[in-house]
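This is what each chain is made of:
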Amino acid sequence: MMQTLTLEQETNPWEAQAARFDFAARKLNLDEGIWKVLRYPAREIIVHIPVGMDDGSIEVFTGYRVQHSIARGPAKGGIRYSPDVSLDEVRALASWMTWKCAVVNIPFGGAKGGVICDPKKMSQGELERMTRRYTAELVEFIGPEKDVPAPDMGTNEQTMAWIMDTYSMHLRQTCTAVVTGKPVNIGGSRGRREATGRGISVVCDEALKYLGMPVEGCRVIVQGFGNVGSNSAKLLAEKGYTIIGIAEYDGGLFNSKGIDVPALIEHRSRAGTIVGFAGAEAADKDELITYPCEILIPAATENVVTSRNADRLRCKILCEGANGPTTTVADEILADKRVFIIPDILANAGGVTTSYFEWVQDRMGYFWTEAEVNQRLDAIMSQSFLDVVAYATSHGVNNRIAAYMLAIDRVAYTTKQRGIYA
Ligand code: NAD
């Protein structure tokens with residue numbers, strides 16, 4: 001039904017989100033009014049952020065914060081710094097956060113933020129000033145009980161520390177629970193940095209058990225070697241998976257015997273790139289995702305599996321580390337190829353789950369050991385995987401639609417229970 005779309009239409013993340021939402025809502029026989037409520041974000045904020053640059057000039061950056069839903073709790077979602085940020089992308093990511101929090105059954109709604117900028121080309125001082133002004137513009141819209149940002153592409157623990165500090169300066173008291181993904185010494189949670197990768201490793205374990213496949217000899221290819229990709233690769237390698245390929249924006253690596261992931265992390269922190277790593281041969285970054293493997297983990301960005309390459313994928317399991325890596329047209333092609341998909345709103349939910357733990361610990365003022373965090377994370381990720389596959393089986397739908405249906409059902413139930421305030 002979607003085959004006539006242009007690539008531009010196919011890769012619009014908002015359209016992709018809306019198409020899956022509509023499909024799942026129809027399957028659920030969702031009440032028409034609730035359908036309208038949940039289809040669109042509750043609030044969209046656009047800010048233009050003046051920043052004094054290092055050379056003395058003034059630059060104005062455009063930033064967004066979209067709050068899709070607060071039905072189940074405060075809005076929750078990352079902040080992205082990238083030249084490709086757009087309002088449609090942030091809208092889609094905000095909606096995905098609502099569904100993701102509902103899939104793993106944590107008490108948050110969904111939000112997302114972004115600033116159109118190229119963090120790779122900005123100094124630390126410029127990034128700090130931009131982050132502080134962006135935070136100041138949003139100060140009445142965020143907060144531990146309102147909307148709790150976190151890192152995403154192009155942002156990190158340092159960014160979260162600046163946001164926490166700026167918000168706290170406005171409040172005139174330290175408020176750690178306003179963001180998650182902070183450094184551990186200022187209210188961050190142990191285990192948060194690795195959490196998304198850890199969650200991915202748990203759902204991969206569960207998928208292998210479900211499909212009756214052994215870990216031994218299980219070949220994995222990872223696209224993107226940032227927070228999600230590198231931690232997924234590291235943790236899966238520790239569990240005995242063989243990481244045969246890694247693709248980055250500037251090149252790919254292949255080693256059929258397995259890449260030494262800690263050594264590659266070492267190399268990247270020294271050289272600033274994965275390219276030139278001695279423990280693997282160079283490979284074409286775009287072709288790499290089509291190499292034969294048991295598990296392919298896109299962990300970079302949206303729209304990397306499209307109608308243009310889906311028929312060439314040779315993985316048995318597609319585990320979506322990134323948000324929205326697969327278009328709806330590609331979904332149909334992969335279904336024909338019987339690829340087992342672990343959808344983004346389930347696969348990468350480990351990050352927001354540990355963010356929830358961080359928020360809980362900040363509000364309690366009592367911090368857990370890494371073992372406690374990991375144990376709770378593993379339990380939620382395993383259970384959520386089992387819930388989604390059970391829902392898929394009982395409703396005769398694929399894993400992605402099952403995850404959406406489960407999530408929409410939970411959010412719709414709460415929305416109806418709360419009623420519409422007038
Ligand atoms: P990051 O910025 O740490 O890493 C992204 C990496 O992907 C970078 O190293 C970048 O160079 C690389 N990359 C970008 N485009 C690429 C391309 N076309 N091909 C190959 N490599 C490419 O970001 P991250 O936090 O790891 O997030 C990655 C994805 O995971 C995003 O979609 C994000 O929304 C999603 N996600 C992140 C978290 C989290 O906890 N960080 C949680 C859930 C989902």
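Above this text is the structure in question.
Residues numbered from 1 in each chain as written. Predicted model: local features only at pLDDT ≥ 70, side-chain atom pairs only at ≥ 80, totals over all residues. Heavy atoms only, no water.

### Some points on the overall build of the protein chain
Helix and strand counts for the protein chain stand at 14 helices and twelve strands. Relative to the 2.2 N^0.38 estimate, which gives 22 Å for 422 residues, the radius of gyration of the protein chain is 21 Å and therefore close to what a compact globule would have. Across its three principal directions, the C-alpha atoms of the protein chain cover 55 × 55 × 45 Å. Looking at the protein chain residue by residue over its 422 residues, the buried ones come to 60%. Of the contacts made within the protein chain by residues no fewer than 6 positions apart, 69% connect residues no fewer than 24 positions apart. (Helix = DSSP H or I, 4+ residues; strand = E, 2+ residues; numbered from the N terminus. Rg over C-alpha atoms; globule rule 2.2 N^0.38 Å. Buried < 20%, exposed > 50% of the residue type's maximum accessible area, 1.4 Å probe, protein only. Contact = heavy atoms within 4.5 Å.)

### Topic: the site of the ligand
Neighbouring the ligand are 21 residues; Asp 152, Thr 196, Val 228, Glu 248 and Asn 323 lie closest to it. In this structure, Glu 248 approaches the ligand through a side-chain N or O atom, which is 2.4 Å from an oxygen atom. Residue Asn 323 places a side-chain N or O atom 2.8 Å away from an oxygen atom belonging to the ligand. Protein chains bury 83% of the 830 Å² of accessible surface belonging to the ligand in isolation. Put simply, the parts of the chain that give the shell around the ligand at least two residues each are helix H7 (192-211), helix H8 (227-238) and strand E7 (242-248). (Near = heavy atom within 4 Å. Polar contact = N/O pair within 3.5 Å; in protein donor to acceptor, adjacent residues only side chain to side chain. Areas by Shrake-Rupley, 256 points an atom, 1.4 Å probe, with all protein chains shown as cover.)

### Overview of the packing of helix H13 (residues 370-395) against helix H14 (residues 399-418)
One way to put it is that H13 packs onto H14 with a least axis distance of 8 Å and a crossing angle of 100°. Considering their axes alone, H13 and H14 lie roughly perpendicular with respect to each other. Where H13 abuts H14, its residues Asp 387, Val 388, Val 389, Tyr 391, Ala 392 and His 395 lie against Asn 399, Ala 402, Ala 403, Met 405, Leu 406, Asp 409 and Arg 410. Taken together, the residues of the contact of H13 with H14 break down into eight nonpolar, two polar and three charged. (Axes fitted to C-alpha atoms, helices over the stretch in contact; angles between N-to-C directions. Parallel < 35°, antiparallel > 145°, perpendicular 65-115°, else oblique. Nonpolar A, V, L, I, M, F, W, Y, C, P; charged D, E, K, R; others polar.)

### Description of helix H4 (residues 87-103)
Between the first and last C-alpha of H4 there are 24 Å, a value that for 17 residues agrees with the 24 Å anticipated at 1.5 Å per step. Counting buried positions along H4 gives 16 out of 17 residues, so the element sits mostly inside the fold. (Expected span 1.5 Å × (residues − 1).)

### So, the packing of aromatic side chains
Summed over all chains, the structure comprises twelve aromatic pairs. Pairing Tyr 210 with Phe 385 gives two aromatic rings, centres 6.2 Å apart and planes at 75°, and the pair type is edge-to-face. Residue Tyr 210 is located in helix H7, and its partner Phe 385 is located in helix H13; the two are separated by 175 residues in the primary sequence. Note on Tyr 210: relative accessible area 45%, which makes it partly exposed. With centroids separated by 6.3 Å and ring planes inclined at 35°, the aromatic side chains of Tyr 356 and Trp 359 adopt a geometry described as tilted. Of this pair, Tyr 356 and Trp 359 both sit in helix H12 (residues 350-364), three residues apart, which is roughly one turn of the helix. Among the residues examined, Trp 359 registers a relative accessible area of 6% and is labelled buried. Through successive ring pairs, a cluster of aromatic residues spans Phe 108, Tyr 356, Phe 357, Trp 359 and Trp 368. (Phe/Tyr/Trp six-rings, centres within 6.5 Å; stacked < 30°, edge-to-face > 60°.)

### Thoughts on the pattern of salt bridges
Between side chains of opposite charge, pairing is possible as soon as their charged atoms come close. What the rule picks out here adds up to 29 salt bridges. For Arg 133, the salt bridge goes to Glu 137, with nearest N and O atoms at 2.9 Å. You can see Arg 133 and its partner Glu 137 sitting in helix H5 (residues 124-137), four residues apart, about one turn around the helix. Here Arg 133 falls in the partly exposed class, since its relative accessible area comes to 37%. Overall, the relative accessible area of 28% leaves Glu 137 in the partly exposed class. Ionic pairing is found between Asp 331 and Arg 400, a salt bridge with its closest N-O pair at 2.7 Å. (Salt bridge = Lys/Arg side-chain N within 4 Å of Asp/Glu carboxyl O.)

### Digging into the state of the cysteines
Taken as a whole and judged by the stated rule, the model has zero disulfides. Residue Cys 175 stays outside any disulfide, its sulfur separated by 19 Å from that of Cys 101, the closest cysteine. The cysteine Cys 218 is free of any disulfide, with Cys 204 supplying the nearest cysteine sulfur at 7.4 Å. Among the residues examined, Cys 218 registers a relative accessible area of 1% and is labelled buried. (Disulfide = S-S within 2.5 Å.)

### Some remarks on the sheet that holds E7
The seven strands are arranged E9-E8-E7-E6-E10-E11-E12 in an open sheet whose pairing can be described as mixed. Strand pairing shows two members of the sheet lacking a second neighbour, strand E9 (281-283) and strand E12 (340-342), which therefore form its edges. Each strand of the sheet is rotated relative to its neighbour by a mean of 20°, with strand direction disregarded. In this sheet, E9 lies alongside strand E8 (residues 251-254) in antiparallel orientation, the contact comprising three bridges. Counterpart to Phe 254 in the pairing with E9 is Glu 281. (Pairing = 2+ DSSP bridges.)

### Quick word on the side chain of Ser 82
By the secondary structure assignment, Ser 82 is in strand E3 (residues 75-82). Accessibility expressed as a relative area gives 8% for Ser 82, which makes it buried. When neighbours within four sequence positions are excluded, Ser 82 is seen to be in contact with Val 115, Ile 116, Cys 117 and Pro 119.

Purely geometric numbers; function is a separate question.
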